[in-house]
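Here are the chains, one letter per residue:
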Amino acid sequence: MKVAVIGAGYVGTTTSVAFAHYGHKVMVVEKDIEKIKKLRNAELPFYEEGVESLLKKLIEIQLLKFTDNIELTLKQSEVIFITVGTPSLPDGGADLSYVEAVGREIGKLIDEYKVIVTKSTVPVGTGEWLKSVIQEELDNRNKAIPFDVVSNPEFLREGKALYDALFPDRIVVGCESDQAKVKMKKLYADVGKTTLFTNIRDAEMIKYASNAFLATKISFINELARLCEKTGANVNQVAKGMGLDTRIGEQFLQAGIGYGGSCFPKDLQAIMYLASEVKLPMTILEAVTEVNRSQSEWFLKKVENSLGTLEHKRIALLGLSFKPGTDDIREAASLKIIKHLMQHNASVTAYDPQATHHVQSLFPEVTYASTPLEAVKKADAVLLVTEWEEIVDTNWQQVKQLVEQPFLFDGRNALDPNKMRELGFRYDGVGLA
Ligand code: UGA
């Protein structure tokens, strides 16, 4: 099939690679000329494992093209995906101005039946609104061109986006016409996973509800971790025991210093904004947000209690990205931690395999190391913030020899407490006995 993808951001690029991999001819439209040049050379503007090599291959066999020519792309495509950003507005709502701009372009340019699909995360009701935006432009042209709007939310995890795009657990398609349904079935024919067809509003809500539920699991286990610590239980064991119940499931019960990223915090804000508009309290999600906000504070309090004070202490931070496998630092726990440490006059040295350059511009006063071992030299405390494999597999014996004081705080419960204690560390994790 001929597919257009509007917006070569993270979701747009990864989704395009997946569609092209499944044999569709994909044209990606992007306004930023520099970005197009890079993408044509198979260079990604972000770090995501596996995408670049597949991108290169798909460009070579001409299943994937990047262009700034939206008119030509729309003319040549049966299905048009909108994958532009929907950032948070100051009031917590989603900024739909990029979606609107694309909708207007579509209304101005299409000349035959098209299926227009929103993949960007958009509030419930956006599909209907988008329909009216496109229709308005068609009316301005006095054209009666048929089209359908479909909602097909993405469920990609950063760091595992390619895998999730190629092998999704499920495909959700909010679709209200048979003609569009046939096209969407054809598009996903080779993916071979359960496709749930719903109406547009349901699909839009499924996306927000899924992220809100996953964030709830994380905040639940993080709050429980605080209780485990007070009562002498081990949250890892508790999560394991709970997770064996298939009704609960083991995933997203990893206690830590809170969730970050471009999705959970933004989507929770957006769903709560949606609820506030219809005057409905979202008691659970408010608590989820509050637990997440305070989780890094709770963790830092433990550091402060152990060291006596943070003032003039040398703190080594291992990991800066919001999770391993990505250079994304949006809403990363590391940023809150650095801010807090700076406010308390600690001196911070940080290491991350991919995200350093992003943090450097925000916190020039931090010292940035090029290896974990360089970061921990003479540290009064080492804080594991992101569980990159490289960090977890560091030579901890050597770390022990390099530090000033043996305080080791594992914000992701990624290390073996017994082993660390045997090496002589005063090890502390999250919710461990
Ligand atoms: C999340 C969802 O997992 C995807 O399904 C969704 O498509 C995506 O948002 C989106 O809306 O685009 P992502 O934000 O990339 O994906 O990353 P996650 O793997 O979900 O992790 C989010 C945060 O939760 C990270 O900071 C991670 O460290 C934290 N986390 C995750 C925990 O603290 N504990 C866990 O058990 C799992």
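Going by the structure above, here's the rest.
Enquirer: I tried to follow the pairing of strand β1 (residues 2-6) on my own but got confused; where do I start?
Expert: On a regular strand, one side chain projects to one face of the sheet and the next to the other, so that they alternate. Here β1 lies mainly inside the structure; 4 of its 5 residues are buried. Note on the crossover from β1 through helix α1 (residues 10-21) to strand β2 (residues 25-29): the handedness is right-handed. Bridge analysis of β1 against strand β4 (residues 79-82) gives 4 bridges, and the strand direction is parallel. Note that in β4 the partner of isoleucine 6 across the bridge is isoleucine 82.

Enquirer: I would appreciate a short explanation of the side chain of threonine 394 in the present structure.
Expert: Counting through the fold element by element, threonine 394 comes out in the loop between α16 (389-392) and α17 (396-402). At a separation of 3.1 Å, a polar atom in the side chain of threonine 394 contacts the main-chain carbonyl oxygen of glutamate 390. Not counting chain neighbours up to four residues away, the residues in contact with threonine 394 comprise Pro372, Leu373 and Val399.

Enquirer: Honestly, the nonpolar core in this entry has me stumped. Any pointers?
Expert: Across soluble globular proteins, nonpolar side chains have a tendency to be buried as a group. Ranked by internal contacts, the top residues of the largest apolar core, which has 59 residues, are Leu317, Leu341, Val382, Leu383 and Trp396. Formed by 44 residues, the second largest nonpolar core is a distinct cluster that contains Ala8, Val115, Leu162 and Tyr188.

Enquirer: Looking at this structure, I do not really get empty space enclosed by the protein. What am I missing?
Expert: One way to see where empty space is left: roll a probe the size of a water molecule over the atoms. According to the stated counting rule, one finds 1 cavity of 30 Å³ or more in the structure shown. Empty space within the largest cavity amounts to approximately 40 Å³. Together, Thr118, Lys119, Ser120, Thr121, Val122, Ser151, Pro153, Glu204 and Lys207 line the largest cavity. Residue composition of the lining of the largest cavity, by class: 2 nonpolar, 4 polar and 3 charged.

Thresholds applied
Residues numbered from 1 in each chain as written. Predicted model: local features only at pLDDT ≥ 70, side-chain atom pairs only at ≥ 80, totals over all residues. Heavy atoms only, no water. Buried < 20%, exposed > 50% of the residue type's maximum accessible area, 1.4 Å probe, protein only. Helix = DSSP H or I, 4+ residues; strand = E, 2+ residues; numbered from the N terminus. Right-handed = clockwise from strand over helix to strand, strands pointing away. Pairing = 2+ DSSP bridges. Polar contact = N/O pair within 3.5 Å; in protein donor to acceptor, adjacent residues only side chain to side chain. Contact = heavy atoms within 4.5 Å. Core = buried A, V, L, I, M, F, W, Y, C linked by side-chain atoms within 4.5 Å. 1 Å grid on protein atoms, 1.4 Å probe; cavity = no way out; pocket = protein on both sides within 12 Å on 5 of 7 lines; lining within 4 Å. Points joined across faces, edges and corners; volume = space filled by probe spheres on them. Nonpolar A, V, L, I, M, F, W, Y, C, P; charged D, E, K, R; others polar.

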